[in-house]
Amino acid sequence: MSEQRESGRIISVHPVVLYDGDCGFCQRAVQFILPRDRRGIFRFAALQSETGQSLLRQHGLEGATPDTFVLVQQGRAFTRSTAGLRVLRELGGAWRLCYAAIIVPAPLRDAVYSLFARHRYRLFGRTDACMIPSPEVRERFLDRG
């Protein structure tokens, strides 16, 4: 496994997606990423999990609310629309073209993101249980307990 704990810090050579484990849309986003990540580079953890909380603390985001999508990549944390665009870029293919939206100023992108995030439970519901990954992708989830 390429993820390690060192002095309480999680060290990963893979980009890690932190998502709201209670959100139906967020779980669908993970299910969207998995088959399109042909290189298998992304790892996943719910924001509410021990690993998620540890990574948030490591990157000074301990007050992050569940509506904050986070990508930890190369020792840096990206949030909200920037995180989403970076994930799409890493998926490659036509998805990479979506990264062109990065030229839109972050406050404007994040305003749209926040509007959607405020209504995501109403639109997509809440879930009491996280998805159960198939055996072939289970190792990509950092909290398997």
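Refer to the structure printed above.
These lines cover the structure that appears in this document, whether it is placed above or below. (Residues numbered from 1 in each chain as written. Predicted model: local features only at pLDDT ≥ 70, side-chain atom pairs only at ≥ 80, totals over all residues. Heavy atoms only, no water.)

## Brief notes about the pattern of salt bridges
Counted by the stated rule, this structure contains two salt bridges. Arg140 is the salt-bridge partner of Asp37, the closest N and O atoms lying 2.3 Å from each other. Linking Asp37 in the loop between helix H1 (24-36) and strand S4 (43-46) with Arg140 in the segment after helix H5 (135-138), this pair joins segments that are 103 residues apart in sequence. Summarising the burial analysis for this pair, Asp37 and Arg140 share the class buried. The salt bridge partner of Glu90 is Arg39, with a shortest N-O separation of 3.3 Å. Highlighted residues: Glu90 in helix H3 (residues 80-91) and Arg39 in the loop between H1 and S4, separated in sequence by 51 residues. Its relative accessible area of 54% is what places Arg39 among the exposed residues. (Salt bridge = Lys/Arg side-chain N within 4 Å of Asp/Glu carboxyl O. Helix = DSSP H or I, 4+ residues; strand = E, 2+ residues; numbered from the N terminus. Buried < 20%, exposed > 50% of the residue type's maximum accessible area, 1.4 Å probe, protein only.)

## Digging into H1
Given 3.6 residues per turn, any residue in an α-helix points the same way as the ones three and four places further on. For H1, with 13 residues, the first-to-last C-alpha span of 19 Å sits near the 18 Å given by 1.5 Å per residue. For H1, every residue scored as buried is listed here: Gly24, Cys26, Gln27, Val30, Ile33 and Leu34. (Expected span 1.5 Å × (residues − 1).)

## Quick notes on the layout of surface pockets
Reported here for the largest pocket is a volume of approximately 570 Å³. In terms of lining, the largest pocket is formed by 26 residues, of which the most central are Phe25, Ala29, Phe69, Gly84 and Tyr113. Contributing elements (two or more residues each) for the lining of the largest pocket: H1, H3 and helix H4 (106-124). Grouping the constituent residues of the lining of the largest pocket by class yields 17 nonpolar, three polar and six charged. (1 Å grid on protein atoms, 1.4 Å probe; cavity = no way out; pocket = protein on both sides within 12 Å on 5 of 7 lines; lining within 4 Å. Points joined across faces, edges and corners; volume = space filled by probe spheres on them. Nonpolar A, V, L, I, M, F, W, Y, C, P; charged D, E, K, R; others polar.)

## Quick notes on the packing of H1 against H3
Relative to each other, H1 and H3 sit at 25 degrees, their axes nearing to 10 Å. Taken together, the axes of H1 and H3 lie roughly parallel to each other. Considering how the two elements wind past one another, H1 and H3 form a crossing that is left-handed. Packed against H1, whose contacting residues are Phe32, Ile33 and Arg36, the element H3 presents Val87, Leu88 and Leu91 at the interface. (Axes fitted to C-alpha atoms, helices over the stretch in contact; angles between N-to-C directions. Parallel < 35°, antiparallel > 145°, perpendicular 65-115°, else oblique. Left-handed = near helix turned anticlockwise from the far one by under 90°. Contact = heavy atoms within 4.5 Å.)

## Some details on the environment of Ala101
Counting through the fold element by element, Ala101 comes out in the loop between H3 and H4. Using a relative accessible area of 31% as the deciding quantity, one classes Ala101 as partly exposed. Taking the C-alpha atoms as reference, Ala101 lies 9.4 Å from Ser81; in sequence the two are 20 residues apart. With sequence-adjacent residues up to four places away left out, Ala101 is seen in contact with Leu85 and Arg109.

## Overview of unusual backbone geometry
A positive phi angle is found at Gln74, which is not glycine, with a value near 50 degrees. When you line up the elements, Gln74 lands in the loop between strand S5 (70-73) and strand S6 (76-79). Although it is not a glycine, Arg80 adopts a positive phi angle of roughly 50 degrees. One can find Arg80 in helix H3.

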